[in-house]
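# An overview of the molecular structure
Read off the chains here:
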Amino acid sequence: MTARLREMRWWDIDPVLELEKDLFPEDAWSRGMFWSELAHSRGPAATRRYVVAESEGRIVGYAGLAASGELADVQTIAVARDQQGSGLGGRLLTDLLRAATAFECREVMLECRVDNVRAQKLYERFGFAPIGFRRGYYQPGNVDALVMRLTDPSASVQGTEING
């Protein structure tokens, strides 16, 4: 069954935290971090977009974006292990890029673990290009981050398949 994407709400935080701890055990976000992000995701002054993917009553993925002026940052994308390779990551990223376009952002940035090749390939398919590194970015594991940038997110979204 194809997962349905919808806006993340406060009641999604607990299942999202379970997935977060499974996928990112060393550098998982805290409950407070998600609460803080969601606090900026609604209303006319919203600067965030957080979405969950739900399948058969279960959260199987989530993603978040923060916008500031003409620049957006992909804050997080996660897909449950049993859903990886299904195209769900691409659908989540497409949602975020549409949000960046709605926020009128001209560029989208992100950091990706240097050892997460699967994610890097996804981002490259959408037109993100590596522009540098952040040494020791992911703590406490002291793993470097690859910094990637996408210019013109609206063009990237127009050329992508979202039914993956």
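So, here's what we can say about the structure. Remember, it's a predicted structure, so these values are computed and weren't measured experimentally.

For the rest of this paragraph, the subject is the sheet that holds strand β6 (residues 129–138). Spatial ordering of the open sheet is given by β1-β2-β3-β4-β5-β7-β6, a layout of seven strands whose pairing is mixed. Sheet topology places β1 (4–7) and β6 at the edges, where each strand pairs with a single neighbour. Between one strand axis and the next, the sheet turns through 25° on average, direction left out of account. Here four bridges tie strand β4 (residues 71–79) to strand β5 (residues 107–113), and the two strands are oriented parallel to one another. Each residue of the ladder has a partner; that of Ala 72, found in β5, is Val 108. Running at roughly 165° to β5, helix α4 (residues 117–125) makes contact with β4, β5 and β7 (143–151) of the sheet.

What follows is about the environment of Pro 153. Tracing the chain through its elements places Pro 153 in helix α5 (residues 153–158). For Pro 153, a relative accessible area of 1% puts it in the buried group. Discounting residues that sit within four places of it in the chain, Pro 153 has contacts with Leu 97, Ala 100, Thr 101, Cys 105, Arg 106, Glu 107 and Val 108.

What counts and what doesn't
- Residues numbered from 1 in each chain as written.
- Predicted model: local features only at pLDDT ≥ 70, side-chain atom pairs only at ≥ 80, totals over all residues.
- Heavy atoms only, no water.
- Pairing = 2+ DSSP bridges.
- Helix = DSSP H or I, 4+ residues; strand = E, 2+ residues; numbered from the N terminus.
- Axes fitted to C-alpha atoms, helices over the stretch in contact; angles between N-to-C directions.
- Contact = heavy atoms within 4.5 Å.
- Buried < 20%, exposed > 50% of the residue type's maximum accessible area, 1.4 Å probe, protein only.

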